[in-house]
Each structure stands twice: as C-alpha cells, then as structure tokens.
Amino acid sequence: MLPQRMKKAITENPKKLSNLIDLVNLPSTLREFLGQSQISRLGCFMRVWSYIKANNLQDPNNKNVVNCDEKLRSILLGKPQVELAELPTLIRLHFPKDPK
C-alpha cells in the first residue's frame, strides 16, 4: 500500500512515475555494469544499491558515504567516494530526459 503523499504525487504527475519505471536502452557503461541492455531507472538504482551492499562499499565510519570500487566508479563519473544523497542524481545522468 502506498503512503497518501506518494499517491497524491502519482495522481498529480503520472509522467514522473513513468520516468522511473519505463524501460530504457542503456548506454554502454551501464550496460557493462548491469549486464542488461534495458532497465528502468528505478530498477537500475536498485541494482546499484544491491551491488553496494553485496560488496560492502559503504564507509564503516559513515554509512552515508559509499567508497567506490573500479566497477562502480565507471558509472559514477570516476568519483572515489559518493554521498548516498547524490547517488540517484549520478545514476539519472545516464538516462535520457524523455525515454520515449
């Protein structure tokens, strides 16, 4: 069940939701990282987050920071460390503004 705030946001702007869940052809860097040629922006973020958790890339002293390995650095503009808050923005850069 969706929270009331989220329901309101979806009904007021359904295009925002479609940008998150529509399948998009991926650029080569993301294609190599994910091993897929198409994925939604939300699916991509979830896969990147799973990769971070599986490889223990969160900084043990500050869980809001991700220490990037070479593979993750390839999709996050070569940054050695990334704040969790900027992760969605960096992933969004790989997706076109209008996926259709």
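Here the structure is shown first, and the text comes after it.
All values reported here derive from a predicted model rather than from experimental measurement.

Undergrad: I'm lost on the side chain of H94 in this one. Help?
TA: Within the secondary structure layout, H94 lies in the segment after α6 (87-92). When neighbours within four sequence positions are excluded, H94 is seen to be in contact with P27, T29, L30 and I75.

Undergrad: Could you clarify how one ought to interpret the nonpolar core in this entry?
TA: Generally speaking, soluble globular proteins have nonpolar side chains that are buried together. Within the largest apolar cluster, 21 residues are counted, with the highest numbers of intra-cluster contacts made by C44, V48, L72, L76 and F95. Elements with a contribution of two residues or more to this core: α3 (28-34), α4 (41-54) and α6. Tallying contributions element by element places α4 first for this core, with four residues. Leave out the neighbours within four places in its chain, and L76 touches C68, V82, L87, L90 and I91.

Undergrad: It is not clear to me how the pattern of salt bridges should be interpreted in this structure. Could you clarify?
TA: Opposite charge on two side chains permits pairing when their charged atoms draw close. Scanning the model with the defined rule gives two salt bridges in all. With a shortest N-O distance of 3.0 Å, K79 and E86 are connected by a salt bridge. Look at K79 and you get partly exposed, because its relative accessible area is 29%. Taking the relative accessible area as the measure of exposure, E86 reaches 25% and is therefore partly exposed.

Undergrad: Can you help me understand the packing of aromatic side chains in this one?
TA: Given two aromatic rings, one states the distance between the centres and the angle between the planes to describe the pair. Under the definition given, this model contains one aromatic pair. Between F33 and Y51, the aromatic rings sit 4.9 Å apart at their centres with planes inclined by 70°, giving edge-to-face as the arrangement. Of this pair, F33 sits in helix α3 while Y51 is found in helix α4, placing the two residues 18 residues apart along the sequence. Neither residue differs from the other here; F33 and Y51 are each classed as buried. Lying across the ring of F33, K71 places its NZ or CZ 5.4 Å from the centre.

Undergrad: Honestly, the environment of R47 in this entry has me stumped. Any pointers?
TA: Secondary-structure assignment places R47 in helix α4. Under the relative-accessibility criterion, R47 is labelled partly exposed at 36%. Expressed as a C-alpha distance, the spacing of R47 and L34, which sit 13 residues apart in the sequence, is 7.4 Å. Discounting residues that sit within four places of it in the chain, R47 has contacts with L34, Q36 and I39.

Quick notes on the rules
Residues numbered from 1 in each chain as written. Predicted model: local features only at pLDDT ≥ 70, side-chain atom pairs only at ≥ 80, totals over all residues. Heavy atoms only, no water. Helix = DSSP H or I, 4+ residues; strand = E, 2+ residues; numbered from the N terminus. Contact = heavy atoms within 4.5 Å. Core = buried A, V, L, I, M, F, W, Y, C linked by side-chain atoms within 4.5 Å. Buried < 20%, exposed > 50% of the residue type's maximum accessible area, 1.4 Å probe, protein only. Salt bridge = Lys/Arg side-chain N within 4 Å of Asp/Glu carboxyl O. Phe/Tyr/Trp six-rings, centres within 6.5 Å; stacked < 30°, edge-to-face > 60°. Lys NZ or Arg CZ within 6 Å of the ring centre and 35° of its normal.

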